Amino acid sequence: MASRKSGGRLRMAIDVGGTFTDVQVLDEAGGDPWAFKTPTTPEDPARGLATAIAGAARAFGFDPADVYLLVHGTTIATNAVLERRFPKAALVTTAGFEDVLEIGRHMRRDVYGLHAETRHVLVPRPLRFGVPERIGADGGVRQPLDEAAALGIVRRIVAEAVETVAICLLNSFANPEHERRLAQLLRAEAPGLDLSISSEVSAEMREFERMSTTVLNALLMPVVSGHIERMAERLTATRLSAPVLFVQSNGGTCGPRQAARQPAHLLLSGPCGGVLAVEQIGRRLGEANLVGIDMGGTSFDVSVVRDGRMAMVTEADVDGSVVRLPMVDIRTVGAGGGSIAWVDRAGRLRVGPESAGADPGPACYGRGGREPTVTDANLVLGRISPDRFVGGAMPLDPAPARSAIETRLGAPLGLGLEAAADGLIRIALANMARTIRLSLFEKGLDPREFALVAFGGAGGLHAALMADELAMTRVIYPLNAATLSAFGLLWADIAHDLSRTRLTPAETGAAAKLAPVLAALMAEGDALLDGDRVAPAERRFEAALDMRYRGQGYEVTVPLGRAALDEGVLGGAIADFHARHRERFSHADPDAPVEVVTVRLRAGAHTTKPAAQPFTPAGVPAAVKRRPVYLDGRWQDLAILDRASIRPSEPVEGPAIVEEDYTTILLPAGWRIALLASGNLLAEKPSLEC
Amino acid sequence: MTVNPDPVQLEILRNAFTAAAEEMSVAVRRTARSTTVREMLDYSTAIFHGDGRNIAQSALSPMALTLAPCLMEVLDHHLPADDWRVGDVVITNDPYCGSQHLPDIVTFRPVFVDGRRLGFTGTMAHHVDLGGGSPGSYDMTAKEIYAEGVRIPPLRLYREGRLNEEVLALLLQNVRQPAVLRGDLMSQIAALDIGERGLRRIAGKYGVPALTASAERMLDQAEAAMRRAIEALPDGVHEFSDCLDDDGVGDTPVHLRLTLTIAGDGMRFDFSNSDPQVPAPINCTFNVLRSTIHYAVIAALGRDIPVNSGCFQPIDVVARPGTCVAAIAPAPVVNRIQMAHRIVNVVMGALAKALPDRIPAAYYGVSYVYMLEAVEGDGGRSIYFDSEVGGWGAEPARDGANAFSCGVHNIAAVPIEMLESRHPITFTTYALRPNSGGAGRTRGGLGLVREFMLDAPTGTFAATFDRFRVPPYGLAGGQPGMTGSLTLLRQGDARALRSKVSGLRLQAGDRIRIETAGGGGFGPPGERPAQARAADIAAGYLSDD
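Position numbers for residues start from 1 in each chain and track the written sequence from start to end. Just so you know, chain letters begin at A and ligand numbers begin at 1, following the order they were written in. At least 70 in pLDDT is required for a residue's local features to be given in this predicted model, at least 80 for side-chain atom pairs to be given and counted, and no such filter applies to totals for whole chains, interfaces and linings, which use all residues.

(A) A look at the overall build of chain B. Within chain B, the regular secondary structure consists of ten helices and 20 strands. Since a compact globule built from 545 residues should have a radius of gyration of about 24 Å, the 24 Å found for chain B is in line with a globular shape. Considered along the principal axes of its C-alpha atoms, chain B spans approximately 75 × 60 × 40 Å. Working definition of burial: number of other C-beta atoms within 10 Å of the residue's own, with buried at 20 or more, exposed at 12 or fewer, and partly exposed in between, all C-beta atoms being placed from the backbone. Taking all 545 residues of chain B together, 61% fall into the buried category. Whether two residues are in contact is decided by their C-beta atoms, placed from the backbone, lying within 7 Å. Contacts spanning at least 24 positions in sequence make up 74% of the contacts within chain B whose residues lie at least 6 apart. Only DSSP runs of H or I covering at least 4 residues are called helices, and only runs of E covering at least 2 are called strands; the numbering of each starts at the N terminus. For this measure, only C-alpha atoms enter the radius of gyration; the expected value for a globule follows 2.2 Å times N^0.38, where N is the number of residues.

Structure (structure tokens):
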């Protein structure tokens, strides 16, 4: 295998996904990142992670001891939620409100459903304890904490032998005193217990959302700390001694201690890698507005980068559980290569959301799948090569694909094979395009002002067709699309998002009331950055205020640009609030009273990053093959190129197919694709107007 | 000229129509001002065929199904389609012209391509106030619709793109929050424009003939799917009746009586024998009756039936004008949701006789709408308006859901912390209500308990509840759910209140306790597995005696 020549410092990123563990290693002395892939080991992801490190070291000839930083994206928290693999937990809340966790916001999603949708009760009723106490909305103590009752509850919890406890009292964001006292009592009686306190996890107004977030955090603490411990043991064996940083749902990293303490922040760690990569590609290419589409086997994920930064949300739903924390805004629909097409009782041709998954998988996998899928349709239409799927490791069989499409779709609908296969793909495309359009429309944005970044195994086949649907004219196909999430992790920065609700009318004197809240958050941020060993000079603080018109039930986040609050800054923020409100909701009312709801602070550090290196083309000879491909309603003899054979100065005109090991790019007529200095491919459709 | 759309294009166009309705919906949510629209999401948007039939809709409440027949009502009886021009916007809120009640304003706009009327776009939104005897236009004591607010007959607010300022001024002069109403109305009109652009985009891309043919085909397909679903039911005649406890004025129950006839691929719902309309705002109009039946049938017969005007063709609805389910002017109707709940209970009860393995027992069937006006020492007032949910009826194979929106009701609870920061009240309990689910082989879902205290010196409370006397029914031998109750707690005394109260004077420290109904049980209680019962006791859903 290759042996390393330079002695540069190595930065390593590992993305542990559902199927594969992907590694990227960047030698800061120069060159492109190395990419490596091994299967994920779901029973103990740390094992696959260690295998990946050892494998990459062998393949590229480096010593793991030379790695100075390991950035880790993980689905451990997400999977625990999806599989409901939780330890035994208790919840302590204000007496009279023990059922808030179960009642929730009680709105159903399925308007016409005859049967109730399943609601997951995270902690069962007998393990939810109410303690007599009451804090008012203004933070005042309405009823003191009943110490004797509290102690009784603590003893019952200890007797129940739970592993972890969540504490969430009403209005604790305004005054955490009672929550802290309860935590003290619990720690005194049961020092080994994991403890999650709502005023520390998510000090924001809205009791159900805060409670749900705190309980999830409590449930994940033993899961994530177990993973961290197992990982530490495995890493020692690989000779890798670098600090490990975990990527959080906000795209920023944190150290292992913080990850173990606030694991709810890891729930979207997995998908963040891809979005970080889209951000990085945008920086590299000077593109500020991008839509990332990640199309794999079962789902289609859309993310948005606007003005160079990933779009965020302050609350999200993770498989039916509400999490109120800042997270990357990712919209998912069940549309992937494995999505199954079917004819419903009304005679409609439908695609998804059910997926054939990996086993049996699409009919063409030859593992007994009988249902036609998106991948089957692409194979039947000649758009993917049967002998180059997953780099040739998995030959595809067109015969069962053809038969599935003919019998399940063609016959009942009276369509020929090609028409049925092509129709299946067009319907899937319409669903995906609608998802992108809505995702932008909700933010008041126009798709035509964005470029698409296509990744995931099936992204390349569909991106340009989708762009055509949306009148978008540029699509970027990243280098190493198959390990793109890991590539994105290489560029992550330390970032801790902190917040506290302090409902305050935005009038004279407000800055003086809010400044101490910001100062407290700064102190908290400093403590976290101390833990990350970030030097004071490298620390970056960005503050923001969630504001609204008095009486509204939703807020607009207004960045302050820095971390200071005086009358001048607040005045600027109020003006900015009216402007942002107008942009987002198309109206503003400068005379109406405004209130500040929540103070936010991002405490982070810009880690030094290597300069991007120019891409060295592989210089594979341009051996152009041809094969019949069904496109635009007819069979055409198309050029099939190897991605590595495309030269910087020689763009390729569509229609054509570009193949690489883990993905295929379909370039329709009217499009032209070119190799950029960064190694990414850019497809463009010249405007028809002059 | 007929074009026969292929199944692929049909599906792509269906997707495009739905996307256009969704974009309209996002446009309303993004630009509306009021809490009713933005937080309670009480609005809907739709796309219509050139002849007025509905082809796509976006809504979170089943009650939004009234939007489509409303357009038909306007076209058939008020403003004929031939008289609609480019740039017109027609509005109405009159329940006797197709709206549900006065707070709901509907708006429609025709869409023309190359001079030909291709379709309509429409929106419905619940506005904060349309005037009348009580804030929010919810006058619980109304004897006639005139007390409920301003009635807008179908009229052109815009004619060929020009706003009729005088009509708008007349409207705004008569409502409590004119700026909010104007903002929400303009947001509805902006959404009409978004929908129009969506329809034009589709026409531009696929051509008018394909668009029209696809719309026809979608309607036909939906009708055929519904006919097949009905055909699969055994033919028969089923009777079912249920009632509201009382109308809040008198003390006698108000009965709804249904004769359901299933014959071949059609169904007939005959409500002719229901009680006369009452001088209290719990009546509903025929449009609400019909749309509520449509909702219940869609829910009962399955998910593969596309929801558009086509699927309702095989359903015939009959009622006698002047009855509580087909009120005639000037009957008050603002709380028509009371009647809609009971219509669902009755329709499901009748359908259960044809589909005994599928239909659940009765759900709580009340929206628990209540209002508290608090008056501070300095005279400052705040109005707290809310609603609650109860338990679902037990399903044949599964317990009913606890405390969850059901039937024609779909609302999100406003956080207690948010309410306490806005109003001088303190909540003392928000909890499930043990033992409230009807016993059965499968158990009805639990209702809930909500209790709050007035912190201001004085206040006035009003509520319109039901199911205090006649509980949600059980099926197949299951027990009914527990009835609801309303209690005033004052200085250690508990005083049971009627289900419908208005003008109740409160003082500081008074507490209002609301207990909502549980769902009915399914199957004989004796057949409940011992372990399911033990689990209920362990969870505290059932007390151990």
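(B) Expanded view of the overall build of chain A. A tally of regular secondary structure across chain A gives 16 helices and 35 strands. Taken over the C-alpha trace, chain A has a radius of gyration of 27 Å; the compact-globule value for 690 residues is 26 Å, and the two agree within 12%. Taken over the C-alpha atoms alone, chain A extends approximately 80 × 65 × 55 Å along its principal axes. Scored against the burial criterion, the 690 residues of chain A give a buried share of 52%. Contacts in chain A between residues far apart in sequence, at least 24 positions, make up 67% of those at least 6 positions apart.

(C) Region of the structure containing the interface of chain B and chain A. Contact residues are listed per partner, giving 58 residues for chain B and 53 residues for chain A. Counting only elements with at least two residues in the side of chain B that touches chain A, the list comes to α1 (7-31), α2 (35-38), α6 (208-231), α7 (286-301), α9 (416-422), β14 (425-432) and α10 (530-539) of chain B. Ranked by residues supplied to the side of chain B that touches chain A, first place goes to α1 of chain B with eleven residues. When residue character is reported, Ala, Val, Leu, Ile, Met, Phe, Trp, Tyr, Cys and Pro are called nonpolar, Asp, Glu, Lys and Arg charged, and the others, Gly included, polar. In terms of residue class, the side of chain B that touches chain A is built from 34 nonpolar, 14 polar and ten charged.

(D) Quick look at the sheet that holds strand β13 (residues 381-386) of chain B. Residues and elements named next belong to chain B. Pairing between two strands is assigned when DSSP locates at least 2 bridges connecting them. Taken together, the four strands give an open sheet; going across it, the order is β13-β12-β16-β19, and neighbouring strands pair in antiparallel fashion. A strand with exactly one partner marks an edge of an open sheet, and here the two such strands are β13 and β19 (500-507). Strand-to-strand, the axes of this sheet are offset by a mean angle of 15°, without reference to chain direction. By the bridge criterion, seven bridges tie strand β12 (residues 369-375) to strand β16 (residues 458-464) in an arrangement that is antiparallel. Whenever a helix is involved, its axis is fitted only over the stretch in contact; in every case the axis is a line through C-alpha atoms, and angles between N-to-C directions fall within 0 to 180 degrees.

(E) Inspection of the domain arrangement of chain B at higher detail. All names here are of chain B. Along its sequence, chain B is carved into domain 1 (7-224) and domain 2 (360-545). Start and end positions for the domains come from either an automated domain assignment or a database one. The distance between the C-alpha centroids of domain 1 and domain 2 comes to 34 Å. The partner domain 2 presents twelve residues to the eleven residues of domain 1 that form the contact. By residue class, the composition of the side of domain 1 that touches domain 2 is seven nonpolar, three polar and one charged.

(F) Local environment of the packing of α1 of chain B against α6 of chain B. Residue and element names in this part refer to chain B. Contact pair α1 / α6: the axes reach a minimum separation of 10 Å and the direction vectors enclose 90°. When the axes of α1 and α6 are compared, the pair comes out roughly perpendicular. Here Gln9, Leu10, Leu13 and Arg14 of α1 lie close against α6, whose contacting residues are Ala210, Leu211, Ser214, Arg217 and Met218. Here the angle decides the label: under 35 degrees means roughly parallel, over 145 means roughly antiparallel, 65 to 115 means roughly perpendicular, and every other value means oblique.

(G) Broad picture of the nonpolar core. Each nonpolar core comprises buried Ala, Val, Leu, Ile, Met, Phe, Trp, Tyr and Cys residues, the members being joined through C-beta atoms within 7 Å. Core analysis: the largest hydrophobic core is formed by 387 residues, its most contacted members being Leu424 and Leu452 of chain A together with Leu289 and Val347 of chain B. Per element, the largest residue contribution to this core is 13 residues, and it comes from helix α7 (residues 207-237) of chain A. Not counting residues up to four positions away in its chain, the partners in contact with Leu424 of chain A are Ala341, Val351, Pro372, Val374, Ala377 and Leu409 of chain A.

(H) Summary view of the sheet that holds strand β5 (residues 89-94) of chain A. Residues and elements named next belong to chain A. Spatially, four strands are ordered β6-β5-β9-β10 in an open sheet, and the strand pairing comes out parallel. Lying at the two open borders of the sheet, with one neighbouring strand each, are β6 (128-131) and β10 (194-197). On average, each strand axis in the sheet is inclined to that of its neighbour by 20°, with strand direction left out of account. By the bridge criterion, five bridges tie β5 to strand β9 (residues 164-168) in an arrangement that is parallel.

(I) Examining the domain arrangement of chain A more closely. You can read the domains of chain A as domain 1 (82-225), domain 2 (494-605) and domain 3 (625-684). Put simply, the middle of domain 2 of chain A and the middle of domain 3 of chain A, counted by C-alpha atoms, are 48 Å apart.

(J) Spotlight on the confidence of the model for chain B. Residue-level confidence of the predictor is summarised by pLDDT, bounded by 0 at the bottom and 100 at the top. Residues at a pLDDT of 70 or more form 99% of chain B, whose mean pLDDT is 94. Interface confidence for the predicted complex, expressed as ipTM, amounts to 0.94; the pTM equals 0.93.

(K) Structural context of the packing of helix α3 (residues 67-77) of chain B against α7 of chain B. All names here are of chain B. At a minimum axis separation of 9 Å, α3 and α7 run at an interaxial angle of 140°. With respect to each other, α3 and α7 are oriented oblique. As α3 packs across α7, the resulting crossing turns out to be right-handed. On α7, the residues that touch Pro69, Cys70 and Glu73 of α3 are Asn287, Arg290 and Ser291. Note: crossing handedness is left-handed where the near helix turns anticlockwise from the far helix by less than a right angle, and right-handed where it turns clockwise.

(L) Representation of the pairing of strand β17 (residues 485-490) of chain B in the model. Residues and elements named next belong to chain B. The sheet contact formed by β17 and strand β20 (residues 511-515) spans five bridges and is antiparallel. Within β20, the residue paired with Leu489 across the bridge is Arg511. Pairing of β17 with strand β18 (residues 493-496), which is carried by four bridges, proceeds in the antiparallel orientation. If you follow Thr487 over to β18, its bridge partner there is Ala496. Hairpin connection between β17 and β18: a loop of two residues separates the two successive antiparallel strands, and Gln491 in this loop has a positive phi of roughly 45°.

(M) Up close: unusual backbone geometry. Omega for the bond connecting Gly352 of chain A with Pro353 of chain A falls within 30 degrees of zero, at 0°, which places this linkage in the cis form. Put simply, Ala329 of chain B and Pro330 of chain B share a cis peptide bond, and its omega is 5°. A positive phi angle is found at Glu160 of chain B, which is not glycine, with a value near 50°. Following the sequence through the fold, Glu160 of chain B ends up in the loop between β6 (155-159) and β7 (162-163).

(N) Main features of the environment of Cys97 of chain B. Residue and element names in this part refer to chain B. Mapped onto the fold, Cys97 is located in the loop between β3 (89-92) and β4 (104-113). Residue Cys97 is classed as buried on the basis of its C-beta count, with 20 C-beta atoms lying within 10 Å. For Cys97 and Asp82, which are 15 residues apart along the polypeptide, the C-alpha to C-alpha distance reads 19 Å.

(O) Spatial organisation of the environment of Leu486 of chain B. Residue and element names in this part refer to chain B. On the secondary structure map, Leu486 appears in strand β17. The sequence separation of Leu486 and Glu451 amounts to 35 residues, and the corresponding C-alpha distance is 9.8 Å. The residues contacting Leu486, other than those within four sequence positions of it, are Ala463, Phe465, Leu497, Ser499 and Ile514.

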